[in-house]
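Residue strings, one per chain:
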Amino acid sequence: MNTNLKISNVTKIYPGCVANDNVSLEFNSGKIYALLGENGAGKSTLVKILSGVVIPDEGKIYLNKNILKLNSPSDAKKNDIGMVFQHFNLFETLSVFENLIIDSDEQRENLKEKIDTIMKKYNFSVDLDVPVLNLSAGQKQKVEIIRCLIRSPKVLIMDEPTSVLTEQETSELFLSLKKFSEEGILIIYITHKLKEVMQLCDEVAVMRRGKLVSVSQINNENIESLANKMVGQDLKKIKKKKENTSSEQLIKITNLNFTSEDPFETNLVDINFSLNRGECLGIAGISGNGQSELFQVLSGEIISNKNSIEFNKNFIGNLNPQERREYLMAFSPEDRLEQAAIPQMAIFENVALNNFKSSNFFNNGLINESKIKEHSKKIISEFNVNTDNIDLKSQFLSGGNLQKLIIGRELITSPDLLICFNPTWGLDVGAINYIHETLIKINEQNKSIILISTDTDELLKLSDKISVIHRGKLSKIMNAEDVTSEKLGILMGGGN
Amino acid sequence: MIKIVKRDQPSKAIFFFTPVLAIFLTLIAGGIIFYILGFKPFEALKFFFIVPIADKYGFSELLLKATPLCLIAIGLSFCFKSNNWNIGAEGQLTFGAIVSGGVALLFYDQEGFYILPIVILAGAIGGMIYASIPAILKTYFNTNEILVSLMLVYVSKLILDYLVVGPWSNPEGFNFPETRQFSDSARLPLLFEGLRIHAGIFLALAAVVISWFVFYKTYLGFQMKVSGFSLKTAKYAGYKGKKMIILVFLISGACAGLAGVGEITGPIGQLHREVSPDYGFTAIIVAFLGRLHPVGIIFASLVVAITYLGAETAQIFMQIPKYTGQVFQGMILFFLLASDYLLFFKFKFIGSKK
């Protein structure tokens, strides 16, 4: 039987951000559909709407011409929409079988039979009696897929399923997905990996900034054309004016490695680069490819070999962030609310987090509140933070104002180098422009920036040099003029 | 219609109102329990909460009980504010008592002004040593401090048991499980003739003032506060998060150890099996009832101290087991946690129109 899923004029607005802007799409069974887009393009929101996790502000969803009311994940299940999330929703200490039956009201014996049939049919081999924590990522994913298949779904949505898989597991997954599709299950495959789209899918829908950009047959596309659509090429024009940068080297990274004990972190492999005064180095990449680890290594949250980081002719690889600040480095982390600032503390207290010695925030171990407050007022007026109450808890600042406060806090000590990670993530256009102007301005003052960002437009606009990080490795460093969005897109997807 | 809505920001008023509400609800629930047991609720509550502190002696006893509670809770507030769940203050108290008691026994036949300070210091150090165990295990081996600190409570009680029965027992004590009496120089001075309230209360008050100063006025306190809210931020700011964890445990252990000193060199005057009626555990309730704020903790320690006294009075006059005191302590914590719901949500009365 044919399945037809139709999304009609769906809009979802979050404060300060339109996640889905009037999106309409139609899917038919027998084909595998790709939903392609950068981070923050709105793919996940759309998928969450389809699986009942998020309720749209406007728009309707039809399954086989019947309107669907999806108010909760269980509504989606009832309507035969199955979903495999990027991060597994399994109980690690329960056995595979217990995980499979946990949300079902059917008899255990029936289920056992059903599971056996499914496993035989698709050639899955997972031991049902071992606890889930002993399984590999690929096997865990199979458990998730079986859990969907038990309900004989009409629609199966896969959210970036290969991000945790090995090559071998990926090709196994693709075989299974093709088989499901032949049996009439409608497959929607969310990804930002272009190669996979070309390999697996029949049709591709591209999203950018909450809007649907294009829907096309895969036969009419190639990696370059998709990269172009995904990244958007038209914005490159407003790039900053190329100044004559100095040739004085400011920072040099030599053979920097980081091996994490945490399986969810990315290892950094042989990072090498150098940056001159007044330059902006952009580091592009799809999130989760080692950006966060790179930021932490550069900021000193992760300490490395002393000689691996040379800054202003000092070797500082073994210093912590506070000590690095004294050498005139400044840092703006990605996570505003959980790392760069503490929402429950007042604005002026957050300012004191950047404890630069000469600011004299703390004398003889005592808090010098008046000094901190004076300093905070200066930041607020110089960096246009829209408040005049520095006793306000910072959770009451909008994202844009909080980011201005953070950037201001880091810049007011006039550092030689600012390292920022997704500085405009989730901000509205006005705040984005302000931050961009500020960053261009400090470049013009012969100060340097390392900009780690998942926003390609931003990187092309601000950088002098660009490199791409993929699975913890940096590509060679390119001059920004020579870089096209196609090239970035290919490198980001792991191509050459 | 009543609707429950999320609050934007918990107001200061509600922050200190919910503990009062919790105490009020505890009284009501307590009255109901007394009624079910066949007592007149008001009379029983009067025996429980008013009679014990109606005279001078009663008031002195109240302060006597409140002193260790306050001291330990102040120490615990350092841990709890920075998200370190040290629930082994009872063990740190016991170990502090063992160390200071051991030192006091060394001087059992001597007099001298220098003895008491050494004994007090020994108690603080004992508590710190004992608290450093869960702290170091947590920071370097990722163990869970709740389990370790709790388990160590029983270890310390068994050590005390062994000592007072075996090596340290009073040679002239007819094999009673207790040590010699400490010399007068190792005893905290009494404040008033005929009352048991002793100079330990000044230790508690000093702890209150110092903790307020450290937390609200010093860089160290600022770093503890930040580390408590977010270790990620602490790392980013360049604070030494691990040292901060060990430090709060040491502070908390020192306070608990001092409370132990106060007990054995105050009202008890020797070591025996029962140096503390679970002050270390009850202080956890005190810390939260006082909102981890130094002044709040003073009030909370007084309130909770009454439950100790009331339980004794009720046992004597009404033949109710003294464990009702623990029932009341449990109810206070229960109602406090329940009424904390009001911190984050408020009831909104909506007219019939909408």
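Residues numbered from 1 in each chain as written. Chains lettered and ligands numbered in written order. Predicted model: local features only at pLDDT ≥ 70, side-chain atom pairs only at ≥ 80, totals over all residues.

Engineer: I keep staring at the overall build of chain A and nothing clicks. Help me out?
Structural biologist: Helices and strands together make up the secondary structure of chain A, namely 17 helices and 23 strands. The C-alpha atoms of chain A give 25 Å as radius of gyration, which agrees with the globular expectation for 496 residues (23 Å, within 12%). Projected onto its principal axes, the C-alpha positions of chain A cover 70 × 50 × 45 Å. Within chain A, the proportion of its 496 residues that are buried is 46%. (Helix = DSSP H or I, 4+ residues; strand = E, 2+ residues; numbered from the N terminus. Rg over C-alpha atoms; globule rule 2.2 N^0.38 Å. Buried ≥ 20, exposed ≤ 12 C-beta atoms within 10 Å, placed from the backbone.)

Engineer: Looking at this model, I keep getting lost on the overall build of chain B. Mind explaining?
Structural biologist: Tallying secondary structure elements over chain B gives 14 helices and 2 strands in all. The C-alpha radius of gyration computed for chain B amounts to 22 Å, which stays within 12% of the reference 20 Å derived for 354 residues, consistent with globular compactness. In terms of principal-axis extent, the alpha carbons of chain B reach across some 85 × 60 × 35 Å. The buried share of chain B, taken over its 354 residues, is 49%.

Engineer: Would you take a moment to explain the nonpolar core for this structure?
Structural biologist: The nonpolar side chains of soluble globular proteins are, as a tendency, buried together. Among the nonpolar cores identified, the biggest contains 234 residues, and A:Y189, B:I72 and B:A73 are the most heavily contacted of them. Tallying contributions element by element places helix α3 (residues 56–81) of chain B first for this core, with 14 residues. Setting aside residues no more than four positions away along its own chain, A:Y189 makes contact with A:I32, A:Y33, A:A34, A:L35, A:M158, A:L200 and A:C201. (Core = buried A, V, L, I, M, F, W, Y, C linked by C-beta atoms within 7 Å. Contact = placed C-beta atoms within 7 Å.)

Engineer: Explain the environment of B:I118 to me, please; I cannot follow it from the model alone.
Structural biologist: Topologically, B:I118 is positioned in helix α5 (residues 115–141). Put simply, B:I118 and B:V226 are 108 residues apart on the chain and 35 Å apart in space, counted from C-alpha to C-alpha.

Engineer: Teacher, can you tell me more about the sheet that holds strand β7 (residues 155–159) of chain A here?
Structural biologist: Two pairing modes exist for strands in a sheet, parallel and antiparallel, and in both the strands are linked by backbone hydrogen bonds. All names here are of chain A. Taking strand neighbours across the sheet as the criterion, the 6 strands line up as β6-β7-β8-β3-β9-β10 in an open arrangement whose pairing is mixed. Looking at which strands have only one partner, the edges of the open sheet turn out to be β6 (81–84) and β10 (211–217). Mean inter-strand twist for the sheet, computed between neighbouring axes without regard to direction, equals 20°. As defined by bridge partners, β6 adjoins β7 across 4 bridges and the pair is classed as parallel. Looking across to β7, one finds that V84 is bridged to M158. Contacting β3 (32–37), β6, β7, β8 (186–191) and β9 (203–208), helix α1 (residues 43–50) crosses the sheet at an angle of about 150° to β7. (Pairing = 2+ DSSP bridges. Axes fitted to C-alpha atoms, helices over the stretch in contact; angles between N-to-C directions.)

Engineer: Can you help me understand the environment of B:G269 in this one?
Structural biologist: Residues and elements named next belong to chain B. Mapped onto the elements, G269 comes out in the loop between α10 (241–268) and α11 (279–289). Each C-alpha atom of the pair G269 and P321 lies 27 Å from the other, and the pair is 52 residues apart in sequence. Those residues in contact with G269 that lie beyond four places of it in its chain are Q181, F182 and R187.

Engineer: Help me understand the sheet that holds strand β15 (residues 314–315) of chain A, please; the structure alone is not making it clear to me.
Structural biologist: All names here are of chain A. Pairing is antiparallel across the open sheet formed by 4 strands, whose spatial order is β12-β11-β14-β15. Edge positions in the sheet fall to β12 (268–276) and β15, since each of these pairs with one other strand and no more. As paired elements, strand β11 (residues 249–258) and β12 share 6 bridges and run antiparallel to each other. Within β12, the residue paired with K252 across the bridge is S274. Sheet strands in contact with helix α9 (residues 291–299) are β11 and β12, and its direction is about 60° off that of β12.

Engineer: Explain the packing of helix α1 (residues 12–36) of chain B against helix α13 (residues 324–339) of chain B to me, please; I cannot follow it from the model alone.
Structural biologist: Two measures define how a pair of helices packs: the angle their axes make with one another and the distance between the axes. Residues and elements named next belong to chain B. The N-to-C vectors of α1 and α13 enclose an angle of 130°; their axes lie 8 Å apart at closest approach. Taken together, α1 and α13 sit at an angle that is classed as oblique. Regarding α1 and α13, the two cross each other, and that crossing is right-handed. Of the residues in α13, those touching α1 at T18, P19, L21, A22, I23, L25, T26, A29 and G30 are F328, M331, I332, F335, L336 and S339. Taken together, the residues of the contact of α1 with α13 break down into 11 nonpolar, 4 polar and no charged. (Parallel < 35°, antiparallel > 145°, perpendicular 65-115°, else oblique. Left-handed = near helix turned anticlockwise from the far one by under 90°. Nonpolar A, V, L, I, M, F, W, Y, C, P; charged D, E, K, R; others polar.)

Engineer: Help me understand α1(A) in this model?
Structural biologist: In an α-helix, one turn spans 3.6 residues; hence positions three or four apart end up facing the same way. Residues and elements named next belong to chain A. For α1, a buried count of 8 out of 8 residues is recorded, marking the element as mostly surrounded by other parts of the structure. Looking only at α1, the buried set comprises K43, S44, T45, L46, V47, K48, I49 and L50. Residue G52 follows α1 closely and has a positive phi angle near 80°.

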